[in-house]
Amino acid sequence: MRPIAWRSLALSSVLAGIALVHAAVRPHYGGVLHMLTLEPLATLNADDPAGALIAETLVMLDEHGEVRPKLAVFWQSEGGARRWRFTLRPHVNFHDGTPLTAAAVASLLSGAVKNTTVYAAGPNVLFASQMPIVNLPRELARPRSAIFRRSGDSALIGTGPFRLKQLELGMRVTLIANEEHWGGRPYLDSVIIERSAHASTAGIIELPPNTSTRQIPEKLRISVTLPAELYAISLPANIPQSTRDSLAASIDRSAIANVLLQKRAEPAGGLIPQWLSGFDFLFPRSRRILPVPRTQPIALGYSNDDPVSRLIADRIAVNARDAGIMLQPSPLSAAARLVRIRINSTDAEQALVDVAANLNLDLNTDLSSLEKLYAAERALLADGRVIPIVFVSQLLGLQPNIRGWDQSRPWQLENVWIAP
Amino acid sequence: MNFRTKVLLSITSTVAIAVWIVAWFASAAISQSFEGRDRQRVGALVNLLRTELAHRGEDVARRVEAIANSQALARIAAEPGDYSAFLDDAQALAQDQSLDLLEIVAPDASIISSAQWPARFGYKETWLAAPADWKTQSAFLKQEELAEGSVLALVAVRTLSNLYVAGGQRIDAAFLKTLALPEGLSLSLYQASDQSAPREFVSLVQQERMRSREITSQIGDDTVTAIPLSGRDANLLGVLFVRSSGLELTAVRSYIRRTALVVGTAGVVIGILLSLWASARVSRPVRELAGSVRQVAEGKWDTRATVSSSDEIGRLAADFNHMTEQLVDSRERLVQTERVAAWRELARRLAHELKNPLFPLQITVENLQRSKALPPKEFEEVFEESTGTLLAELNTLKAIVGRFSDFARMPAPHKEDVDLNQIVERVIKLYDAQLCAPGRPQIRPDLQLAPHLPHVSADPEQLQRVLSNLVLNAIDAMANGGKISISTRDISGRVVLEVTDTGEGLTKEECERLFTPYYTTKQYGTGLGLAIVQSVVSDHGGAISVQSEPGRGSTFRIELSSTGPERI
């Protein structure tokens, strides 16, 4: 063979190899992603993970808690943060084809921020208040500040990368790609989120956080999110303070986090996790036995939809017996209950606001500094009506062909694609 | 209680007692038989239970051994330190080996995984760390704490590389159901610490704590045998109750009682019929005979009993008839004898009475005959004197004859309501002067008259004559003075009159003959006074009696029926 031929052959081989490698890392459009979730799918709201794919907010927080543009491309405050102007991203349409206008946004966000008037001014949405609202961009980054409408059958109509195709409550949510999304069409054609999909056919499987590594199929890639679900006990006021304190001290949080939840959780001393606040370690969480006189059994309600809740409740009951407190875990409603709160915000202040709202705790205080945030959280925990247990991570198993997965923003599926 | 009632009571009580005794013995014999059978059955069940527990224990030990030798446990042993990945292993292994309880325990006795109480991981099972040769230790009973409470379990322990495997099966109601129980026996199990045991079992549980051996007790109709269930340290963990139903025995006893009741009732009915028959055959002739006796007693001497059989009752009736005939003959003879005696007495009296005036008459007539020879003047004197004497003696004779005539012609009483007290007062007033007559010893009257004496139906003149006779007799009896007491009183509807004197009194013989006509203890009496008194009292339906002793006076007692109103 002539040398020129050898050179051609070698060059062809190198080019083919480069093409193959490039094909393996280049995003691929199309495909249907099946997701197996542990969520009950009993409702579909903007603050649900699936809802966040449909409805978007004006701004968003990045992984560092910084406010970034989303449906609004620019914002500024005036008059000592009493007036805010948000300029909308142009050429954005709702899933039903109607344009996203300042008037529509003002109408949909009216009442979303307390003591604030919202109105449209050209392409701008204006927020006006008598008092300074320095945290308005953060508030507008919350999922509950998402901009969406509901159709006649109450389906969500937003502007997100996916639009709702079918909703079978309690079973399945089917989303399809929004071809006209302002950020570009997502790679996936469709996302089907189910509670009962067969594990072998699902691309992403949400596993119970207590699943041991031995129980996870070897081929799955494991993705563990930051601990962003708080398990806490909410106690009624009629339980004596001493009993509440004794119960809080008796709980072996480390055993729950490390053994029961297979190290996919961290003991909770406060209401927002360490990675978010940076001061959770200041709250006491070590186990101590403070015996109290034997009392009547206390029913501890937990959600029957969440198997982890039951495990945690059972362990708490075992720990409480050591202090002489008889807890009876029950899937029925009870005055004392084990609650599970998803922390959606990456902003500590907002997260505390959300947690307090979920626990029906009053939080009318200034949270503008870290010290004030700590003081507010400490005040919320002072009476022992809320006992934080653990912050739990989400455990997801990904099939090998799932790409574009961002562990820090697990439900951002617009960047996920399926390798052929 | 009459003869028929006695017969009735005798027969019915005899039948009832006989039936009760038979029923009691039958019931006792059956109870004994049932108790013996129960003992055998309970003993067999206890043996069966022990055998079954032994088999279960061997089975549990075998299964725990299999787990200890399994790959799963080898994997755990191969990763000492962090056992969190094996948290759920015990449940799967327990399910594979059909064990109710299984704990995999680390060398430091902390639970790695628990099938029965998963939430207890990390807690210590200190009892496992105690020195023991678990390899050869057979299964034992243990009280296992669970979230829902404690249970009894048959537990075996094995080890692998310092790991402990403690597995077992519950000993509970489900286990008891696997036992084939003889009919009528039931089992129940209570832990020693169980406060929910029925009250009736509580005392047995307490006794078991003290004795720890089988105890049999009667609870209601049932027999309950308490069998202690002890653990490895011989501590009492539970009590198994074998209850032998007493329903069958109760049913048999009830049947016996019912039968006894029926038989007893039939016996009583038969007893009544027998008593009626016996009264017809026995008591009626006796009753008739008793009636005949009563009639004879009432004076119907011609009464005869019916001789209706030839048995003892018939012979008794015949003898009774013979006796009455004899009595009638004797009475007639006696009457005849008395009548002859009375006539003789009358003749003697008449002779005596008449002899006294006849002798002067004879003397006077003889004197008059002799006076014929006297000069006329003297004759005239003699004649006058003699005729006077004759007339006087003739009057005496006439009076004697009159008294006899009066006695013979006692008139029938004309009865009316009479106040006896008034008659007493009238008679005392009549004889008041005689009682207090000067020149003779004083007789002191003493009246004790009942204030509200009922009236009597009587002839007042005859009653006054009776009382006068008694008072005169009393006066005659107290020649040296004394006291005459007259009392009246009401005793059960009868008016009683008593006349008591403090005179010389009478002998017993005199008392017996006192009312005989013409009998007298006085020198000049006719012997008719008290005879008349008795006759009058008898005509008034009353009775008279006398009580007297020589030297201690006499008391005459008259009883009359009261008919009239009370005296106000």
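### Considering the overall build of chain B
In step 1: Within chain B one finds 14 helices and 16 strands.
In step 2: Here chain B holds 568 residues, and 41% of them are scored as buried.
In step 3: With an accessible surface of roughly 31800 Å², chain B has 55% of that area assigned to carbon and sulfur atoms.

### Overview of the interface of chain B and chain A
In step 1: Contacts between the two partners involve 16 residues from chain B, matched on the other side by 16 residues from chain A.
In step 2: Of all residues in chain B, the largest losses of buried area upon contact with chain A belong to B:Ser84, B:Phe121 and B:Tyr123, amounting jointly to 41% of the total for that side.
In step 3: Scanning the region where chain B abuts chain A turns up two salt bridges.
In step 4: Between A:Arg214 and B:Asp89 there is a salt bridge, with its nearest N and O atoms 2.5 Å apart.
In step 5: Where chain B touches chain A, the interface holds eleven residue pairs in polar contact (both at pLDDT 80 or more).
In step 6: For the side of chain B that touches chain A, the class distribution of residues is nine nonpolar, one polar and six charged.

### Details of unusual backbone geometry
All names here are of chain B.
In step 1: Here Ser 98, not a glycine, exhibits a phi torsion of approximately 55 degrees, which is positive.
In step 2: Relative to the helices and strands, Ser 98 resides in the loop between α3 (89-96) and β1 (101-105).
In step 3: Phi at Asn 162 takes a positive value of approximately 70 degrees, unusual for a residue other than glycine.
In step 4: Mapping Asn 162 onto the fold places it in the loop between β4 (149-160) and β5 (163-170).

### Here's the deal with a nonpolar patch on the surface
In step 1: Judged by side-chain polarity, B:Ile17, B:Trp20, B:Ile21, B:Trp24 and B:Phe25 come together as a nonpolar surface patch covering roughly 590 Å² of accessible area.
In step 2: For B:Phe25, the location among the structural elements is in helix α1 (residues 3-68).

### Section: helix α2 (residues 71-78) of chain B
Residue and element names in this part refer to chain B.
In step 1: Every buried residue belonging to α2 is among Ala 72, Leu 73 and Ile 76, and all of these are buried. Projection of α2 onto a plane perpendicular to its axis shows the buried side chains occupying an angular sector of 95 degrees, all on one side. For α2, the exposed residues lying more than 90 degrees away from the buried face are Gln 71 and Ala 78.

### With respect to the packing of aromatic side chains
In step 1: Considering all chains together, one arrives at 14 aromatic pairs over all chains under this definition.
In step 2: Here the basic side chain of A:Arg315 rests over the ring of B:Phe121, its NZ or CZ set 3.9 Å away from the ring centre.

### Side note on a negative patch on the surface
In step 1: On the surface, B:Glu378, B:Glu380, B:Glu381, B:Glu384 and B:Glu385 cluster together to form a negatively charged patch.
In step 2: A residue is classified by how much of its surface remains accessible, and B:Glu384, at 48% relative accessible area, is partly exposed.

### Digging into the environment of A:Pro90
In step 1: Structurally, A:Pro90 can be placed in the loop between β5 (83-88) and α3 (102-109).
In step 2: The spatial distance from the C-alpha of A:Pro90 to the C-alpha of A:Ala72 is 8.8 Å, given a sequence separation of 18 residues.

### Regarding the pairing of strand β1 (residues 32-36) of chain A
In step 1: Pairing of β1(A) with strand β12 (residues 190-194) of chain A involves five bridges; the strand directions are parallel. What sits directly across from A:His34, in β12(A), is A:Ile192.

### A word on the sheet that holds strand β4 (residues 72-78) of chain A
What holds strands together in a sheet is hydrogen bonding between their backbones, with the strands either parallel or antiparallel.
Residue and element names in this part refer to chain A.
In step 1: Spatially, the four strands line up as an open sheet ordered β4-β5-β7-β6, and their pairing is antiparallel. If you trace the sheet from one side to the other, it starts and ends with β4 and β6 (117-121), each paired once. When strand polarity is set aside, the average angle formed by the axes of neighbouring strands in this sheet is 20 degrees.
In step 2: Both β5 and strand β7 (residues 124-128) contribute to a ladder of five bridges, which runs antiparallel. Counted as the bridge partner of Thr 87 is Asn 124 from β7.
In step 3: Those strands touched by α3 are β5, β6 and β7, and its axis lies near 175 degrees from that of β6.

### Examining the pattern of salt bridges
In step 1: Evaluated as defined, the whole model comprises 37 salt bridges over all chains.
In step 2: The salt bridge partner of A:Glu39 is A:Arg340, with a shortest N-O separation of 3.4 Å. Of this pair, A:Glu39 sits in the loop between β1 and α2 (49-54) while A:Arg340 is found in strand β19 (residues 336-342), placing the two residues 301 residues apart along the sequence.
In step 3: Judged by its relative accessible area of 31%, A:Arg340 is partly exposed.
In step 4: A salt bridge links B:Arg63 to B:Asp59, with the nearest nitrogen and oxygen atoms 2.8 Å apart. Of this pair, B:Arg63 and B:Asp59 both sit in helix α1, separated by four residues, roughly a single helical turn.
In step 5: Residue classification places B:Arg63 among the partly exposed residues on the basis of a relative accessible area of 23%.
In step 6: Since its relative accessible area comes to 18%, B:Asp59 is described here as buried.
In step 7: When salt bridges with common partners are traced through the structure, they connect B:Arg489, B:Arg494, B:Glu498, B:Arg557 and B:Glu559 into a single cluster.

### Overview of the sheet that holds strand β13 (residues 204-207) of chain A
Residues and elements named next belong to chain A.
In step 1: Strand order in the open sheet made by the seven strands is β10-β11-β12-β1-β13-β21-β14, with mixed pairing throughout. The two strands at the open ends of the sheet, each matched to only one other strand, are β10 (162-168) and β14 (221-224). Taken over all neighbouring pairs, the strand axes of this sheet differ in orientation by 20 degrees on average, direction set aside.

### A few points about the side chain of B:Ser114
Residue and element names in this part refer to chain B.
In step 1: Locating Ser 114 in the fold gives a position in strand β2 (residues 111-114).
In step 2: For Ser 114, the side chain forms a polar contact with the side chain of Glu 103, separated by 3.4 Å.
In step 3: Here the side chain of Ser 114 touches Trp 117 through a polar contact of 3.0 Å, landing on its backbone nitrogen.
In step 4: When near neighbours in sequence (up to four residues on either side) are disregarded, Ser 114 contacts Leu 87, Ala 90, Gln 91, Leu 102 and Glu 103.

### A few points about the packing of helix α9 (residues 348-358) of chain A against helix α10 (residues 370-381) of chain A
All names here are of chain A.
In step 1: Running from amino to carboxyl end, α9 crosses α10 at an angle of 20 degrees, the nearest separation of the two axes being 11 Å. Between α9 and α10, the crossing angle belongs to the class labelled roughly parallel. In this structure, α9 meets α10 at a crossing whose hand is left-handed. Residue-level inspection shows Ala 348, Glu 349, Leu 352 and Ala 356 of α9 in contact with α10, the latter providing Leu 373, Ala 376, Glu 377 and Leu 380.
In step 2: A breakdown of the residues in the contact of α9 with α10 according to their chemical character gives six nonpolar, no polar and two charged.

### Concerning the confidence of the model for chain B
In step 1: Confidence in the prediction for chain B averages 84 pLDDT; 93% of positions are at 70 or higher.
In step 2: Among the prediction metrics, the complex's ipTM stands at 0.78, with pTM recorded as 0.61.

### With respect to helix α8 (residues 307-322) of chain A
Residues and elements named next belong to chain A.
In step 1: For α8, built from 16 residues, the straight-helix expectation of 22 Å at 1.5 Å per residue is met to within 8% by its first-to-last C-alpha distance of 24 Å.
In step 2: Those residues of α8 not exposed but buried are Val 308, Ser 309, Ile 312, Ala 313, Arg 315, Ile 316, Ala 317, Val 318, Asn 319 and Ala 320.
In step 3: Where α8 begins, one side-chain oxygen reaches toward the backbone nitrogen of Val 308, 3.2 Å away; that side chain belongs to Asp 306.
In step 4: A positive phi of about 85 degrees marks Gly 324, the residue just after α8.

### Observations regarding the side chain of A:Asp306
Residue and element names in this part refer to chain A.
In step 1: Topologically, Asp 306 is positioned in the loop between β17 (298-301) and α8.
In step 2: The side chain of Asp 306 is buried and forms no salt bridge, while Arg 340, the nearest opposite charge, is found at 4.0 Å.
In step 3: Filtering out sequence-adjacent residues up to four positions away, Asp 306 remains in contact with Tyr 231 and Arg 340.

### Some remarks on the pairing of strand β18 (residues 327-330) of chain A
Residue and element names in this part refer to chain A.
In step 1: The sheet contact formed by β17 and β18 spans four bridges and is parallel. By the bridge assignment for β18, Ala 299 is matched with Gln 328.
In step 2: Regarding the hand of the β-α-β motif, the stretch spanning β17, α8 and β18 is right-handed.

What counts as what
- Position numbers for residues count from 1 along each chain, tracking the sequence in the order it is written.
- Chain labels run from A onward and ligand labels from 1 onward, assigned in the order the entries are written.
- Since the coordinates come from a predicted model, pLDDT governs what is reported: local features require at least 70, and pairs of side-chain atoms require 80 or more to be given and counted, while whole-chain, interface and lining totals use all residues.
- The side-chain figures draw on all heavy atoms in the structure; neither hydrogens nor water molecules are used.
- In DSSP terms, a helix is any run of H or I states spanning at least four residues, a strand is any run of E spanning at least two, and both are numbered starting from the N terminus.
- Type-normalised accessible area, obtained with a 1.4 Å probe on protein chains alone, sets the label of each residue: buried when under 20%, exposed when over 50%, and partly exposed for intermediate values.
- All accessible-area figures derive from a Shrake-Rupley calculation using a 1.4 Å probe, and residue coverage is judged against the displayed protein chains alone.
- Two residues qualify as a contact provided that any one of their heavy atoms is within 4.5 Å of a heavy atom in the partner residue.
- Summed over both partners, the accessible area (1.4 Å probe) lost when two parts come together is defined as the buried area.
- What makes a salt bridge here is a side-chain nitrogen of Lys or Arg within 4 Å of a carboxyl oxygen of Asp or Glu, nothing more.
- By the criterion applied in these results, polar contacts are pairs of N or O atoms within 3.5 Å in which, for protein atoms, one can donate a hydrogen and the other can accept it, and in which residues neighboring in sequence qualify only through two side-chain atoms.
- Residues are sorted three ways: Asp, Glu, Lys and Arg are charged, Ala, Val, Leu, Ile, Met, Phe, Trp, Tyr, Cys and Pro are nonpolar, and all the rest, Gly among them, are polar.
- Patch membership requires over 30% relative accessible area and the absence of a salt bridge. Like charges are linked within 9 Å, and nonpolar side chains (Val, Leu, Ile, Met, Phe, Trp, Tyr) within 5 Å.
- This arc is built from the directions going out from the helix axis to the C-beta atoms.
- Here is the rule: rings of Phe, Tyr and Trp (six-membered ring for Trp) pair when centre to centre is within 6.5 Å. Planes less than 30 degrees apart are stacked, more than 60 are edge-to-face, and the remainder are tilted.
- For a Lys NZ or an Arg CZ to count as sitting over a ring, it must be within 6 Å of the ring centre and within 35 degrees of the ring normal.
- Residues scored as positive are Lys and Arg, those scored as negative are Asp and Glu, and His as well as the terminal groups of each chain are ignored.
- Think of each charge as sitting on NZ of Lys, CZ of Arg, CG of Asp or CD of Glu.
- DSSP calls a pair of strands paired once it identifies at least 2 bridges connecting them.
- Axis definition: a line fitted to C-alpha atoms, limited for helices to the stretch in contact. Angles are taken between N-to-C directions and run from 0 to 180 degrees.
- Roughly parallel covers angles under 35 degrees, roughly antiparallel covers those over 145, roughly perpendicular covers 65 to 115, and oblique covers all other angles.
- Left-handed is the label given to a crossing in which the near helix is rotated counterclockwise from the far helix by less than a right angle, and right-handed is the label when the rotation is clockwise.
- pLDDT gives the predictor's per-residue confidence on a scale running from 0 to 100.
- By this rule the span expected of a helix is its residue count minus one, scaled by 1.5 Å.
- Looking down the strands as they point away from the viewer, one classifies a crossover as right-handed if the path from the first strand across the helix to the second runs clockwise.

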